[in-house]
Amino acid sequence: MVDAKMRVAIVHYWLVGTAGGERVLESLCELFPGAHLFTHVYDPSAVSQTIRSHQVTTTFINSLPKAKTHYQWYLPLMPLALDRLDLREFDLVISSESGPAKGVLANPDATHICYCHSPMRYVWDMYPDYAKSSNSFIRLVMSPLIHYLRLWDRSTADGVDAFVANSRFIAQRIERTYRRESQVIPPPVELPSQEVRNQDDGYYLLLGRLTHYKRADIAVRAFSEAGRRLVVVGDGEQLEELKRIAGPSITITGSLDDAGVRTHLQNCVALVFPGLEDFGIVPVEAMAHGKPVICFGKGGVRDSVIDGHTGLYFEEQTTESLNAAVSKFESLRESFDSMEIATHATQFSKQSFKRRFAEFVNVTVKQKNGLDSQ
């Protein structure tokens, strides 16, 4: 276990919802029950009791107008906001990075570990998408700010003692962006307590936030063309577009509570996952229920989905490629074993995450303090 005497600070980019990053944070809070949390924006009603039970300090961003809903507006101010945090009393600093978090100034004697969900998408790989969706004036203003943020983001990597990546895909991004090696520790996934159901109700499932980069539109078009049943569970900016293009074989439920999500995972034929993800927790959740995953075969899913054993890859984000993969799956369907798939998912449990992260912290702290040979 980790030394209970260490004073621990956890810096998370913003706390305005519960997604994969916050699931990691919850596990870190359980691993370090006395940790002090720092974040730019905090909405207590949007996070779990596990997070709320910790002391939370916000940067000045939290007091700015509409910060809880439009925090992206203040991205250029976040480096300055992190500079104003005083972390001198802490022995261990853990930054949870997807937005600006790792740029804090830790005590030189402290150990700083960055769990990187992804280098900031706003300024690196997804910047062209954000710029394309903005008008010419916004692009003109954004360009020098983004350049400044890239320089800042790259320079602050030097203040991190060790990086942890959530997948090999992100480890490659960290190396390309920061020129740093990283240890891969997949994020924690809540595994179901009930037995795996070997039957299904004849429909495929698409589950998650309906944002453009997750490419739910590919699945809706593909299943509409083929006349196959698809249930879409989730909400987001693409919802209305999906409703417009959906054929009669498509059911769109919107958001569901945890019980509703579990029911659909138990009853579906397979999960359809057409996006390019950093890791992808939803595919692991589906496999934990014994369900195969039909996914775009790039990105973080290559760490979790085994092609031909726990699911199938399709090679292009097109309706043709997806429909071909579904047809192939249906011809091979009897070869997929629900219990084997569910057993495979257990390696991504919360217990496994906490054990591996604690071991990594212990090794890194010893190396920092020159005790690695003792």
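Presented here is an overview of the structure given in this document. Note that the coordinates shown come from a computational prediction; the quantities given were computed from them, not determined experimentally.

Attention now moves to the overall build of the protein. The helix and strand tally for the protein stands at 13 helices and 13 strands. With the C-alpha coordinates of the protein rotated into their principal frame, the extents come out at 60 × 55 × 35 Å. Burial status across the protein gives 53% buried among its 374 residues. If you take every contact in the protein between residues at least 6 apart in sequence, the share linking residues at least 24 apart comes to 62%.

A few words now on helix α11 (residues 319-332). Residues spaced three or four apart along an α-helix point in a common direction, a consequence of the helix completing one turn every 3.6 residues. Along its 14 residues, α11 runs 20 Å from first to last C-alpha, staying within 8% of the 20 Å computed at 1.5 Å per residue. The complete set of buried residues in α11 reads Thr319, Ser321, Leu322, Asn323, Ala325, Val326 and Phe329. On its buried side, α11 packs onto β8 (204-207), α7 (216-226), β11 (271-273), β12 (293-296) and β13 (311-314).

A separate point is the sheet that holds strand β7 (residues 182-184). Taking strand neighbours across the sheet as the criterion, the 7 strands line up as β3-β2-β1-β4-β5-β6-β7 in an open arrangement whose pairing is parallel. The strands lining the two open edges of the sheet, one partner per strand, are β3 (56-58) and β7. The mean angle between the axes of side-by-side strands here comes to 25°, regardless of whether they run parallel or antiparallel. Both strand β2 (residues 36-39) and β3 contribute to a ladder of 3 bridges, which runs parallel. The partner of Leu37 across the bridge, within β3, is Val56. This element, helix α6 (residues 168-178), spans β4 (92-97), β5 (111-116), β6 (162-165) and β7 of the sheet and lies at about 140° to β6.

Quick look at the packing of helix α1 (residues 20-31) against helix α13 (residues 350-368) now. In the contact formed by α1 and α13, the axes pass within 10 Å of each other and the chain directions differ by 65°. Between α1 and α13 the crossing geometry is right-handed. From α1, Val24, Ser27, Leu28, Glu30 and Leu31 reach across to α13, where they touch Lys350, Phe353, Lys354, Phe357 and Ala358. When the residues that make up the contact of α1 with α13 are grouped by side-chain class, the tally is 6 nonpolar, 1 polar and 3 charged.

By size, the foremost hydrophobic cluster in this structure holds 52 residues, and its most contacted members are Tyr204, Phe223, Leu230, Ile294 and Leu322. Excluding residues within four positions of it along the chain, Tyr204 makes contact with Phe223, Arg228, Arg229, Leu230, Val231, Val269, Ala270, Val272, Ile294, Val326, Phe329 and Glu330.

Next up on the list: α6. Those residues of α6 that sit buried are Phe169, Ile170, Ala171, Arg173, Ile174, Thr177 and Tyr178. A positive phi of about 60° marks Arg179, the residue just after α6.

What follows concerns the side chain of Thr310. Structurally, Thr310 is set in the loop between β12 and β13. A polar atom in the side chain of Thr310 sits 2.8 Å from the backbone nitrogen of Ile306. Setting aside residues no more than four positions away along its own chain, Thr310 makes contact with Met287, Lys291, Pro292, Val293, Ser304, Val305, Phe336, Ile341 and His344.

Here we take up the packing of α7 against α11. Relative orientation and spacing of two packed helices are given, respectively, by the angle between their axes and the distance between those axes. Their axes nearest at 9 Å, the elements α7 and α11 cross at an angle of 60°. α7 and α11 meet at a crossing whose hand is right-handed. Across the interface between the two elements, Ile218, Ala219, Arg221, Ala222, Phe223, Glu225 and Ala226 of α7 pack against Thr319, Leu322, Asn323 and Val326 of α11.

Now for the pattern of salt bridges. When the charged atoms of two side chains with opposite charge come close together, those side chains can pair. This structure, assessed with the given rule, holds 19 salt bridges. Note that Glu359 and Arg355 form a salt bridge whose closest N and O atoms lie 3.7 Å from each other. In this pair, Glu359 and Arg355 both sit in helix α13, 4 residues apart, roughly one turn of the helix.

What follows covers the environment of Ala288. Here Ala288 is to be found in helix α10 (residues 281-288). On the basis of relative accessible area, Ala288 is assigned to the buried category, the value being 8%. Between the C-alpha atoms of Ala288 and Gln199, which are 89 residues apart in sequence, the distance is 15 Å.

About the thresholds
Residues numbered from 1 in each chain as written. Predicted model: local features only at pLDDT ≥ 70, side-chain atom pairs only at ≥ 80, totals over all residues. Heavy atoms only, no water. Helix = DSSP H or I, 4+ residues; strand = E, 2+ residues; numbered from the N terminus. Buried < 20%, exposed > 50% of the residue type's maximum accessible area, 1.4 Å probe, protein only. Contact = heavy atoms within 4.5 Å. Expected span 1.5 Å × (residues − 1). Pairing = 2+ DSSP bridges. Axes fitted to C-alpha atoms, helices over the stretch in contact; angles between N-to-C directions. Left-handed = near helix turned anticlockwise from the far one by under 90°. Nonpolar A, V, L, I, M, F, W, Y, C, P; charged D, E, K, R; others polar. Core = buried A, V, L, I, M, F, W, Y, C linked by side-chain atoms within 4.5 Å. Polar contact = N/O pair within 3.5 Å; in protein donor to acceptor, adjacent residues only side chain to side chain. Salt bridge = Lys/Arg side-chain N within 4 Å of Asp/Glu carboxyl O.

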